[in-house]
Amino acid sequence: MTKLTLLCISLAVIHVVQAVSSNDWWKDAIIYQIYPRSFKDSNGDGIGDLNGITSKLEHVRDIGADALWLSPIYTSPQVDFGYDVANFTDVDPQYGTLADFDRLAAKAKKLGLKVILDFVPNHSSNEHEWFKMSVERIKPYVDFYVWRDAKIVNGVRKPPNNWLSAFGGSAWEWNEQRGQYYLHQFAIGQPDLNYYNVLVYDTMTDVLKFWMDRGADGFRIDAVNHMFEDVRMLDEPRNNNNVPIDDYDSLDHIYTKDQIETYEVIKAWRNMLNQYSEVHNTDGKFIVTEAYTNLDEIMKYFQAGANPFNFAFISSLNDKSVAKDFEREIKNWLENIPNYRDANWVTGNHDNHRIATRYGAKKSDMVIMLSMVLPGFCVVYNGDEIGMVNKFLTWEETRDISGCNAGPDRYFIKSRDPERTPFQWDDSVSGGFSTSEKTWLPVHENYKTLNLKRQKLQDVSNYKFFKSLTNLRKNFSVIKNGDFDMKLMSDNVLVVLRSLEGLSSVVLVINTAETEVVVDVNIWLNIPKQMVVYSSNVDSKINIGSFVDTSSVKLPASGSVVLVPKL
């Protein structure tokens, strides 16, 4: 009997358990991603840590978030800053201890915040004990990872096939001690786990249970669509992308991504989380998956019971996109998912340029407004609530392995460091992030004028704008329960309506043109002739609380406005 057959049998015996709690809290939640290394340093070593996060949880609650998602905090040599895990059930000393995590989780619970952990199932660190034992062929870890013999060509040892690492170069690394190649779809120090071995599935399931026992309310599953590879080990076809031959984007990854077995594992984990909630009488446990892939593959995660991240605002749209592009992507998502309440809108994360850099100040506000008014939950990246922007870093300052592997001529294309610089709390040393002037990445030089403390004192600021939108979600139940409609008024003007019979409507109007527009919203919508400005993008100069004639809504260039009925 093959290990794949064993795995399928193992998954088949786990019967579907319906969600045990009607409180599927994530369906309309605001999820705030924290990059622990860059959020708050509590001990002056220049690196953010768990105690620093705990000290700032009031800020997370203050801005209206319902949950915090922590990027990896596990024991790690930090080759990929925590995504190379050397111990899945302990905290890296740079970030603190398990006791520190327990205190964080307890305080979060007291503040009404859910805690979501990054779960990294595709690979471990090559410093993990599992890998060391696999190298030595110690049972039961002999095939815990993906090992293959070399291909001999004209007497020369070659990798088994042409598969490439997402960080550049071959996805295969020769191990002299074992006498075989191991697969690493990311860094050399991140060997891929072998999910055709049922013990791997069982072991990683125990990891999920360990963290739920310590207070985790859910998991963001990293690089989920890389978990399985085609066992035939065929070469992947080349494409026409104009990139170097050893660049990951030079291949079509039909054998290393989106394999059907992935969805069976996600379904099994979803059922296990449901069972856990039932046994322990807790709120529903959350699963959200990270997969940069096509819509058809993404929809399969819904069928497996997970919530796949929607990266349309990151991958499909940008500062050149106009209203009709936004309408297309929104419709494409909402018309394909099982129901509107399972929708989600990701505005930024640690792997992509900051939203204010991608879209510019005005349009980034517009995207955040959309994410808050559209049905479903939204995910925001720490620092975006105060309008932080990318920092230019030199080759010498570059720390991200993706940038380092690209070399000094291309590092700025691949590096994710610019969006990972420390949070700017105030205008003190290192922006209030640390008492040390030397931080793991340099603080953006604009911290003297762009920081949270300053924005709290300003009449108009990104912080106050962001809070106005989270308050909108809390105070207007139509955002949570109302119907959704939208109308493209022109290529550059889009109107979004949230309404429910007997309740006040909320209207969002966006203008993507570089010129002022005047639009008659009333001609299409069943809304009052006069409404009140609840929120507008920071640079719009539109007065909050002013009355607007909905038959003649005036919007400045790249201006957006949220309207509510007069009280």
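Residues numbered from 1 in each chain as written. Predicted model: local features only at pLDDT ≥ 70, side-chain atom pairs only at ≥ 80, totals over all residues. Heavy atoms only, no water.

Undergrad: Any chance you could explain the pattern of salt bridges here in plain terms?
TA: Opposite charge on two side chains lets them pair, provided their charged atoms get close. Enumeration according to the criterion identifies 30 salt bridges in this entry. Lys-480 serves as the salt-bridge partner of Asp-28, at 3.8 Å between the closest nitrogen and oxygen. Highlighted residues: Asp-28 in the loop between helix H1 (3-12) and strand E1 (30-34) and Lys-480 in helix H18 (residues 477-481), separated in sequence by 452 residues. Assessed through its relative accessible area of 44%, Lys-480 is described here as partly exposed. For Arg-61, the salt bridge goes to Asp-66, with nearest N and O atoms at 4.0 Å. Since its relative accessible area comes to 28%, Arg-61 is described here as partly exposed. Within this structure, Asp-80, Asp-351, Asp-400, Arg-416 and Arg-420 form a network of salt bridges that share partners. (Salt bridge = Lys/Arg side-chain N within 4 Å of Asp/Glu carboxyl O. Helix = DSSP H or I, 4+ residues; strand = E, 2+ residues; numbered from the N terminus. Buried < 20%, exposed > 50% of the residue type's maximum accessible area, 1.4 Å probe, protein only.)

Undergrad: What is the right way to read the environment of Asp-520 from this model?
TA: The topology assignment puts Asp-520 in the loop between strand E19 (517-519) and strand E20 (530-536). The class for Asp-520 is partly exposed, based on a relative accessible area of 28%. C-alpha separation for the pair Asp-520 and Met-233, spaced 287 residues apart in sequence, amounts to 59 Å. Among all residues touching Asp-520, those that are not within four sequence positions of it are Met-489, Thr-550, Ser-551 and Ser-552. A distance of 3.1 Å separates a polar atom in the side chain of Asp-520 from the backbone nitrogen of Asn-522. A polar contact of 3.1 Å, which involves the side chain of Asp-520, links it to the backbone nitrogen of Ile-523. (Contact = heavy atoms within 4.5 Å. Polar contact = N/O pair within 3.5 Å; in protein donor to acceptor, adjacent residues only side chain to side chain.)

Undergrad: What am I meant to see in the nonpolar core here?
TA: As a rule of thumb, soluble globular proteins bury nonpolar side chains together. Counting residues in hydrophobic clusters, the biggest one holds 125 residues, and the most contacted among them are Leu-68, Leu-70, Phe-101, Leu-117, Met-204, Trp-211 and Trp-269. No other element matches helix H8 (residues 261-280), which puts eight residues into this core. When sequence neighbours within four positions are dropped, the list of residues in contact with Trp-269 reads Phe-119, Pro-121, Tyr-195, Tyr-201, Met-204, Thr-205, Leu-208, Ile-221, Met-227 and Ile-287. By size, the runner-up hydrophobic cluster in this structure holds 18 residues, among which are Val-495, Val-507, Val-519 and Val-553. (Core = buried A, V, L, I, M, F, W, Y, C linked by side-chain atoms within 4.5 Å.)

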